[in-house]
Amino acid sequence: GQQLNQSPQSMFIQEGEDVSMNCTSSSIFNTWLWYKQDPGEGPVLLIALYKAGELTSNGRLTAQFGITRKDSFLNISASIPSDVGIYFCAGLIQGAQKLVFGQGTRLTINP
Amino acid sequence: DGGITQSPKYLFRKEGQNVTLSCEQNLNHDAMYWYRQDPGQGLRLIYYSQIVNDFQKGDIAEGYSVSREKKESFPLTVTSAQKNPTAFYLCASSTRTGLRQPQHFGDGTRLSIL
């Protein structure tokens, strides 16, 4: 199937630091979604992006739809303990019916 | 409150047994999906349904079956043909497929082998 490369796979940071993660592909996307999953729960939608170059914020989270339409970025500013979890990107390839998911970025915060 | 309800939260399967995972949504969504999640991996699509009485195989449909008799319900059966069923199963729904509508997820069912 189609592949989304999400990096990094894991991050260990100090509380208060900023975080950046990204997803890249060789395919062209017309939608990017970012989700957060807490242990034992389902993913929760954080941000949805629909246009190349679009920059959208949700509180301390900011995500961008890459200009090439082949990548997306998620930034978290001033991390806090409740930011711990796994962050997934998901994209809808142009002309496709199904979402493609990245492998996830596991965020751990040291107090 | 509108949402997606998966049950049970935990399920155990004996050798050779079929088990059924429930997924119900009251969001009036047309499309529903089943994903499998293994530790340290992303989500893999098992089956999806765009409309009542219709469904399509995803990337890993072998050993699974579904039905979509009602708009609100999309149960997943893990059959004895699925030799490695231990995983976290997630159900999702969206207003439509392929039309850039975000999928919303339930809280999952963790299936283990006895």
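This text follows the structure it describes.
The following refers to the structure shown. (Residues numbered from 1 in each chain as written. Chains lettered and ligands numbered in written order. Predicted model: local features only at pLDDT ≥ 70, side-chain atom pairs only at ≥ 80, totals over all residues. Heavy atoms only, no water.)

### Details of the overall build of chain A
Right, on to step 1. When helices and strands are counted, chain A shows 0 helices and 11 strands.
Right, on to step 2. Going from N to C terminus, chain A has its helices and strands arranged as β-β-β-β-β-β-β-β-β-β-β.
Right, on to step 3. Relative to the 2.2 N^0.38 estimate, which gives 13 Å for 111 residues, the radius of gyration of chain A is 13 Å and therefore close to what a compact globule would have.
Right, on to step 4. If you line up chain A on its principal axes, its C-alpha atoms span 45 × 25 × 20 Å.
Right, on to step 5. Looking at chain A as a whole, 46% of its 111 residues qualify as buried.
Right, on to step 6. Residue pairs at least 24 apart in sequence account for 54% of intrachain contacts in chain A once pairs closer than 6 positions are excluded.
Right, on to step 7. Of the accessible surface of chain A, which amounts to about 5,100 Å², a share of 51% is contributed by carbon and sulfur atoms. (Helix = DSSP H or I, 4+ residues; strand = E, 2+ residues; numbered from the N terminus. Rg over C-alpha atoms; globule rule 2.2 N^0.38 Å. Buried < 20%, exposed > 50% of the residue type's maximum accessible area, 1.4 Å probe, protein only. Contact = heavy atoms within 4.5 Å. Areas by Shrake-Rupley, 256 points an atom, 1.4 Å probe, with all protein chains shown as cover.)

### A short note on unusual backbone geometry
Working note: non-glycine residues mostly have negative phi, and peptide bonds are mostly trans.
Right, on to step 1. Along the chain, A:Ser7 connects to A:Pro8 via a cis peptide bond; the corresponding omega equals -5 degrees.
Right, on to step 2. Note on placement: A:Pro8 falls in the loop between β1 (5-7) and β2 (10-14).
Right, on to step 3. Residue B:Pro8 is reached from B:Ser7 by a cis peptide bond, and omega for that bond is -5 degrees.
Right, on to step 4. For A:Ala78, which is not a glycine, the phi torsion comes out positive at approximately 45 degrees.
Right, on to step 5. The topology assignment puts A:Ala78 in the loop between β8 (71-76) and β9 (85-93).
Right, on to step 6. Even without a glycine there, the phi angle at B:Asn53 is positive, about 65 degrees.
Right, on to step 7. Relative to the helices and strands, B:Asn53 is located in the loop between β5 (43-51) and β6 (54-57).
Right, on to step 8. For B:Asn53, a relative accessible area of 62% corresponds to the exposed category.

### Some words on the interface of chain A and chain B
Right, on to step 1. Taken residue by residue, the interface counts 22 residues in chain A and 23 residues in chain B.
Right, on to step 2. With both chains or domains summed, chain A and chain B bury close to 1,800 Å², and 55% of this area falls on carbon and sulfur atoms.
Right, on to step 3. Area buried by chain A at its contact with chain B is led by A:Gln97, A:Lys98 and A:Phe101, which between them contribute 30% of it.
Right, on to step 4. On the surface where chain A and chain B come into contact, there are 1 salt bridge.
Right, on to step 5. Note that B:Asp59 is salt-bridged to A:Lys98, the shortest N-O span being 3.5 Å.
Right, on to step 6. The interface formed by chain A and chain B holds 4 residue pairs in polar contact (both at pLDDT 80 or more) in total.
Right, on to step 7. Residue assignment for the side of chain A that touches chain B shows that the elements contributing at least two residues are β4 (29-37), β5 (44-49), β9 and β10 (99-101) of chain A.
Right, on to step 8. Top element by residues in the side of chain A that touches chain B is β4(A). It accounts for 5 residues.
Right, on to step 9. Taken together, the residues that form the side of chain A that touches chain B break down as 11 nonpolar, 8 polar and 3 charged. (Buried area = accessible area lost by both parts, 1.4 Å probe. Salt bridge = Lys/Arg side-chain N within 4 Å of Asp/Glu carboxyl O. Polar contact = N/O pair within 3.5 Å; in protein donor to acceptor, adjacent residues only side chain to side chain. Nonpolar A, V, L, I, M, F, W, Y, C, P; charged D, E, K, R; others polar.)

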